[in-house]
Amino acid sequence: MAPGNGSFVAEFILVGLTDQPDLQLLLFFLFLVMYMVTVLGNFGLLTLIVLSSHLHTAMYFFLFNLSFIDLCYSSVFTPKMLVDFLSKKNMISYMECMTQLYFFCFFVISECYVLTSMAYDRYVAICKPLLYNVAMSPKVCSSLMFGSYLMAFSGAMAHTGCMLRLTFCDANSINHYFCDILPLLQLSCTSTYVNELVVFIVVGINITVPSLTIFVSYGLILSNIIQICSTEGRSKAFSTCSSHIIAVSLFFGSGAIMYLKPSSAGSMHVGKISSVFYTNVVPMMNPLIYSLRNKDVKLALRKTLGRRKF
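So, here is what we can say about the structure in this document. (Residues numbered from 1 in each chain as written. Predicted model: local features only at pLDDT ≥ 70, side-chain atom pairs only at ≥ 80, totals over all residues. Heavy atoms only, no water.)

Topic: the packing of helix H2 (residues 58-85) against helix H5 (residues 138-164)
- Where H2 contacts H5, the axes come no closer than 10 Å and their chain directions differ by 25°. Put simply, H2 runs roughly parallel to H5. Two packed elements cross with a definite hand, and for H2 against H5 that hand is right-handed. Where H2 approaches H5, its residues Ala58, Phe61, Phe62, Asn65, Phe68 and Ile69 are matched on the opposing element by Cys141, Ser142, Leu144, Met145 and Tyr149. (Axes fitted to C-alpha atoms, helices over the stretch in contact; angles between N-to-C directions. Helix = DSSP H or I, 4+ residues; strand = E, 2+ residues; numbered from the N terminus. Parallel < 35°, antiparallel > 145°, perpendicular 65-115°, else oblique. Left-handed = near helix turned anticlockwise from the far one by under 90°. Contact = heavy atoms within 4.5 Å.)

Concerning the packing of aromatic side chains
- Counted by the stated rule, this structure contains 19 aromatic pairs.
- Here the aromatic rings of tyrosine 102 and phenylalanine 103 are separated by 5.2 Å at their centres, their planes lie at 85°, and the arrangement is edge-to-face.
- Cluster of aromatic residues (ring-pair linked, three or more members): Tyr73, Phe77, Phe104, Tyr177 and Phe178. (Phe/Tyr/Trp six-rings, centres within 6.5 Å; stacked < 30°, edge-to-face > 60°.)

Some details on the sheet that holds strand E3 (residues 173-174)
- If you trace the 3 strands from one edge of the open sheet to the other, you get E2-E1-E3, paired in mixed fashion. Two strands close off the open sheet at either side, each with one partner strand: strand E2 (91-93) and E3.
- The pairing of strand E1 (residues 11-14) with E3 spans 2 bridges and is classified as parallel. Following the sheet pairing, isoleucine 13 is matched in E3 by serine 173.
- Together, E1, E2 and E3 form the strand contacts of helix H3 (residues 94-127), whose direction differs from that of E2 by roughly 85°. (Pairing = 2+ DSSP bridges.)

A short note on the nonpolar core
- Of all hydrophobic cores here, the largest spans 84 residues; its most connected members are Phe12, Met163, Leu184 and Phe251.
- A per-element tally of this core places H3 first, with 21 residues.
- Beyond its immediate sequence surroundings of up to four residues, phenylalanine 251 is in contact with Tyr73, Val108, Glu111, Cys112, Leu115, Tyr278 and Val282. (Core = buried A, V, L, I, M, F, W, Y, C linked by side-chain atoms within 4.5 Å. Buried < 20%, exposed > 50% of the residue type's maximum accessible area, 1.4 Å probe, protein only.)

Looking at the environment of leucine 301
- Along the polypeptide, leucine 301 turns up in helix H10 (residues 295-309).
- Using a relative accessible area of 42% as the deciding quantity, one classes leucine 301 as partly exposed.
- In this structure, the C-alpha to C-alpha distance between leucine 301 and serine 291, residues 10 residues apart in sequence, is 9.4 Å.

A closer look at the pairing of E1
- Burial of the side chains of E1 is restricted to one face: Phe12 and Leu14 are buried, whereas none of Glu11 and Ile13 on the reverse face is.
- In the sheet, E1 pairs with E2 via 3 bridges, with the strands oriented antiparallel. Paired with phenylalanine 12 across the two strands is isoleucine 92, which belongs to E2.

Let's talk about the packing of H3 against H5
- Packing of H3 against H5 brings their axes to within 8 Å, and their N-to-C directions diverge by 150°. Between H3 and H5, the angle is such that the two are roughly antiparallel. Crossing hand, H3 versus H5: right-handed.
- The class makeup of the residues in the contact of H3 with H5 is 20 nonpolar, 6 polar and no charged. (Nonpolar A, V, L, I, M, F, W, Y, C, P; charged D, E, K, R; others polar.)

The structure is reproduced here in structure tokens:
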């Protein structure tokens, strides 16, 4: 397929994380190990939730979707990134770049709202336990997930649609390791005002709304935990929420550093480092955070492995 109407560039060059040849092989093995852990961890968690009937609850329904999203969006760019570490010219076609941008935006925005749904789930479980089965019914959970994917679709279409209207002339070196929004805007030879406005609005909404919802949910949870009389009860409540708080802090913190700042060539170096966290580290850490600190998952794993032995 030919490039979009506004573009004269048929392909881009991905600069990558570093231009130092000595580090390329080291980074290849580092990110290969991280990607293998990501795939095995998330695929293992998906399989475990499907096979274990006692994990068929609202909490694990959201965790299933989180693992699916992490598996997909880390696969959008990591295989290409690994190939580029071993290649002399890191080329990507215009349409491949736009496709990568779309799916990256889709899965990242989806994760924002899945994490928000998980915070709401914990709020209902701790603050409204008697209403939990009604408030977090299968219909409600499905509606929350549908809303998450709908917001992701809308945001990804807005970003990609605005990017397709830009004209890319001679400059085609993307100062990043994948086709992200801000590095692409720096290459445009036409005005990017509309794109920057869309980034500010869409990213602002998709970070601010989930962040506020999560903050309010955990504020109410904390006030409820303080009122619990028994030390054991408080400890159990904190343990239930701590995994989610860690995941949320890593994801939203690194995302905010990347997008809620001025677009400049110098800031791209900081952006690359923060991008590694939400594109590589977070998808790898999520299955470890939610499994190693979760007694239900550990029990389900022991039972599943026990059945296989017999």
